[in-house]
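Per-entry structural report
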Amino acid sequence: MQDEDNSVVDSLEQANLDDADVDEPHRRLLEFVKRLTLEPAETTDAEVVALREVGWTDQQIAEAVYVTAMFAFFNRVADAFGLANSGYRDLETPPAQFE
């Protein structure tokens, strides 16, 4: 999802999934983690089945849940202690390259 011009990251950073250039499986996963973040008690088995139907494995879905939960935890800790945004996105660092 990371590209040279950061257009996907920028769209997602603004919570604008509609304009993010992501494929359908990623879009479905992002919709699921958004719901998990905002309405965790409202997630359903049907949503997990739908993720499987677009190709996500149970291990990948579980990892998405764990990562989402950890970000929620760390954000709450940072908010509780008044930690400032470190500005990592503003650094002139090229995106990581994975083979």
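Coordinates for the structure precede this section.
The shown structure was predicted, so the numbers you read here are calculated from the model rather than taken from an experiment. All residue numbers refer to position in the chain's written sequence, counted from 1. The predicted origin of the model limits local features to residues at a pLDDT of at least 70 and limits the giving and counting of side-chain atom pairs to 80 or more, whereas totals for whole chains, interfaces and linings rest on all residues. Each side-chain value is worked out from all heavy atoms of the structure, with water and hydrogens disregarded.

1. Re helix H4 (residues 58-81)
Compared with an ideal rise of 1.5 Å per residue, which puts 24 residues at 34 Å, H4 spans 35 Å between its outermost C-alpha atoms and is within 8% of the ideal. In this structure, the buried side of H4 is in contact with helix H2 (24-38) and helix H3 (45-53). A helix here means a DSSP run of H or I that spans at least four residues, while a strand means a run of E at least two residues long, and both kinds are numbered starting from the N terminus. Of the residues one or two after H4, glycine 82 is the one with positive phi, at around 65 degrees. One less than the number of residues in a helix, times 1.5 Å, gives the span that helix is expected to have. Any two residues having at least one pair of non-hydrogen atoms within 4.5 Å are treated as being in contact.

2. Considerations on the packing of H2 against H3
Following both chains from N to C, one finds H2 and H3 inclined at 160 degrees, their axes separated by 10 Å at the closest point. Taken as axis vectors, H2 and H3 run roughly antiparallel relative to one another. Our pair here, H2 against H3, has a crossing hand that is left-handed. Contact with H2, carried on its side by Arg28, Leu29, Phe32 and Arg35, involves Glu47, Val48, Ala50 and Leu51 of H3 and no other residues of that element. Its residues assigned to classes, the contact of H2 with H3 comprises five nonpolar, no polar and three charged. Between N-to-C directions, angles span 0 to 180 degrees; the directions come from axes that are lines fitted to C-alpha atoms, helices contributing only their stretch in contact. Working rule for angles: under 35 degrees goes down as roughly parallel, over 145 as roughly antiparallel, 65 to 115 as roughly perpendicular, anything else as oblique. Handedness of each helix crossing follows the sense of rotation of the near helix against the far helix: counterclockwise by less than a right angle gives left-handed, clockwise gives right-handed. Under this grouping Gly is polar, as are all residues other than the nonpolar Ala, Val, Leu, Ile, Met, Phe, Trp, Tyr, Cys and Pro and the charged Asp, Glu, Lys and Arg.

3. Overview of the layout of surface pockets
The volume enclosed by the largest pocket comes to roughly 1,500 Å³. Lining of the largest pocket is provided by 35 residues; of these, Leu12, Leu30, Val33, Phe71 and Asn75 occupy positions nearest its centre. At the level of secondary structure, the elements contributing two or more residues to the lining of the largest pocket comprise helix H1 (7-13), H2 and H4. Lining residues are those with an atom within 4 Å of a point, where the points come from a 1 Å grid over the protein atoms alone and group into cavities, where a 1.4 Å probe fits but cannot get out, or pockets, open sets with protein on both sides within 12 Å along at least five of seven lines. Grid points are joined across faces, edges and corners, and a volume is the space filled by probe spheres set on the points.

4. Observations concerning the pattern of salt bridges
Basic side-chain nitrogens of Lys or Arg form a salt bridge, by our definition, when they fall within 4 Å of a carboxyl oxygen of Asp or Glu. Counted by the stated rule, this structure contains four salt bridges. In this structure, glutamate 24 engages arginine 28 in a salt bridge whose closest nitrogen and oxygen atoms are separated by 3.1 Å. Here the residue glutamate 24 and the residue arginine 28 both occupy positions in helix H2, the gap between them amounting to four residues, near one helical turn. By relative accessible area, which is 41% here, glutamate 24 ends up partly exposed. Residue burial is assigned from relative accessible area. The probe radius is 1.4 Å, only protein chains are included, and a residue is buried under 20% of its type maximum, exposed over 50%, and partly exposed in between.

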